Amino acid sequence: MDEVAQVNGLRMHYRREGDGPLVVLLHGWPQTSHCWRHVLPDLARDHTVIAPDLRGYGRTDKARDGYDKRTMASDVSVLIETLGFSGAAVVGHDRGARVAHRWALDRPDQVERLAVLDVVPMRAMWQRMDDKIGAAYWHMLFHLQPDLPERLVGNDVAGYLGHFFEKWTVNRHGLDAEAVAEYVRAFSAPGALRAGFDDYRASVSHDAALDDADFDAGLRVHMPVLALWGGAGLLNSLPALEIWREYATDVRGGPIPECGHFLPEERPAEVLAELRAFLA
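Rules of the game
Residues numbered from 1 in each chain as written. Predicted model: local features only at pLDDT ≥ 70, side-chain atom pairs only at ≥ 80, totals over all residues. Heavy atoms only, no water. Pairing = 2+ DSSP bridges. Helix = DSSP H or I, 4+ residues; strand = E, 2+ residues; numbered from the N terminus. Axes fitted to C-alpha atoms, helices over the stretch in contact; angles between N-to-C directions. Contact = heavy atoms within 4.5 Å. Polar contact = N/O pair within 3.5 Å; in protein donor to acceptor, adjacent residues only side chain to side chain. Buried < 20%, exposed > 50% of the residue type's maximum accessible area, 1.4 Å probe, protein only. Arc of directions from axis to C-beta. Expected span 1.5 Å × (residues − 1). Salt bridge = Lys/Arg side-chain N within 4 Å of Asp/Glu carboxyl O. Parallel < 35°, antiparallel > 145°, perpendicular 65-115°, else oblique. Left-handed = near helix turned anticlockwise from the far one by under 90°. Nonpolar A, V, L, I, M, F, W, Y, C, P; charged D, E, K, R; others polar.

## So, the sheet that holds strand S1 (residues 2-7)
Whether parallel or antiparallel, the strands of a sheet pair through hydrogen bonds between backbone atoms.
Stage number 1. The mixed open sheet is built from eight strands, whose spatial order is S1-S2-S4-S3-S5-S6-S7-S8. Both outer strands of the open sheet, S1 and strand S8 (251-256), are each paired with one neighbouring strand and no more. When strand polarity is set aside, the average angle formed by the axes of neighbouring strands in this sheet is 20 degrees.
Stage number 2. Pairing of strand S3 (residues 22-26) with strand S4 (residues 48-52) involves three bridges; the strand directions are parallel. Of the residues in S4, the one forming a bridge with Val-23 is Val-49.
Stage number 3. Contacts from helix H3 (residues 95-106) reach S3, strand S5 (88-93) and strand S6 (111-117) within the one sheet, and its direction differs from that of S5 by about 145 degrees.

Structure below.
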């Protein structure tokens, strides 16, 4: 069921299904809550599942600011409180995993379990940035630039997003045509490209200093953490579990075989099996 709530001064769209303990699913870029369509119904058999469009994404308002992860995490925190929940298991993919990680740091009383899909902490990425990582994750650096990405991408949204859906999937498939059309539609809306790029820009302008300060102060995640990534994806070249264990005290996980970046769409059955074992 699609619903809208007033959250932190913006209208936040979310999908809600099921009944039981709460699971929150947070999407990444360049996607929306639609990315959970293969996972959400199964989890909803015995959980309440909420999948919002994050600030600036999908059918949620394209705010002019607030793309730091603390504010984006607060959006989701306030959403579940508004809906009457005090805590949740949180699953984040890509940018959504960065929001989920910050939520777990800021509100450990709310985040009961944390699953992070195809990311390591952004701080670790900046520390390891070299020619190899820069070449593989060039888009992050491009998205940081003011105004230029909107100008260049705005002339061919389908072509730009299609590059990632092709290059970041195994055998150049994994996302069906309907899903690609939905994401192109979403990012063609007024303000959508700017909001998505502002999510990345906040990584430098706001998030990096807070991440460093928290790490240096000894702040870590202490709830159980599940880290999954695509076995054929870019992240498989990094020691992902070892990195996460620098930031959390209880980490398990591993690669999903024959999978690229878009885990919930490329390998939903395998992701569901991992999540169900983790949530049990």
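## Some words on the side chain of His-143
Stage number 1. Mapped onto the fold, His-143 is located in helix H6 (residues 138-143).
Stage number 2. Within polar-contact distance, the side chain of His-143 engages the side chain of Tyr-160 at 2.8 Å.
Stage number 3. Not counting chain neighbours up to four residues away, the residues in contact with His-143 comprise Trp-29, Pro-149, Tyr-160, Phe-197, Tyr-200 and Arg-201.

## Digging into helix H8 (residues 157-167)
Stage number 1. All of the buried residues in H8 are Val-157, Tyr-160, Leu-161, Phe-164 and Phe-165. Each buried residue of H8 lies within a common arc of 135 degrees when the element is viewed along its axis, so the set occupies one face.
Stage number 2. The inward-facing, buried residues of H8 abut H6, helix H7 (148-153), helix H9 (177-187) and helix H10 (192-216).

## Here we look at H3
Stage number 1. Taking 1.5 Å of rise per residue, the twelve residues of H3 would be expected to cover 16 Å, and the 17 Å separating its terminal C-alpha atoms lies within 8% of that figure.
Stage number 2. Burial within H3 is extensive, with eleven of its twelve residues counted as buried.
Stage number 3. What H3 keeps buried is the set Arg-95, Gly-96, Ala-97, Arg-98, Val-99, Ala-100, His-101, Arg-102, Trp-103, Ala-104 and Leu-105.

## Regarding the pattern of salt bridges
Stage number 1. Inspection of every chain in the model, using the stated rule, returns 26 salt bridges.
Stage number 2. The partner of Asp-106 in a salt bridge is Arg-70, and the shortest N-O contact between them spans 2.9 Å. Of the two residues, Asp-106 sits in helix H3 while Arg-70 sits in helix H2 (residues 69-82), which places them 36 residues apart along the sequence.
Stage number 3. Among the residues examined, Arg-70 registers a relative accessible area of 38% and is labelled partly exposed.
Stage number 4. Taken together, the shared-partner salt bridges in this structure form one network comprising Arg-70, Arg-102, Asp-106, Asp-211 and Asp-214.

## Remarks on the packing of H3 against H10
Stage number 1. Running from N to C, H3 and H10 cross one another at 30 degrees; their axes reach a closest spacing of 13 Å. Here H3 lies roughly parallel to H10, going by the angle between them. Classified by chirality, the crossing of H10 by H3 is left-handed. Facing H3, whose interface residues are Arg-95, Arg-102 and Leu-105, H10 presents Asp-199, Tyr-200, Ser-203, Leu-210, Asp-211 and Asp-214.
Stage number 2. Grouping the constituent residues of the contact of H3 with H10 by class yields three nonpolar, one polar and five charged.

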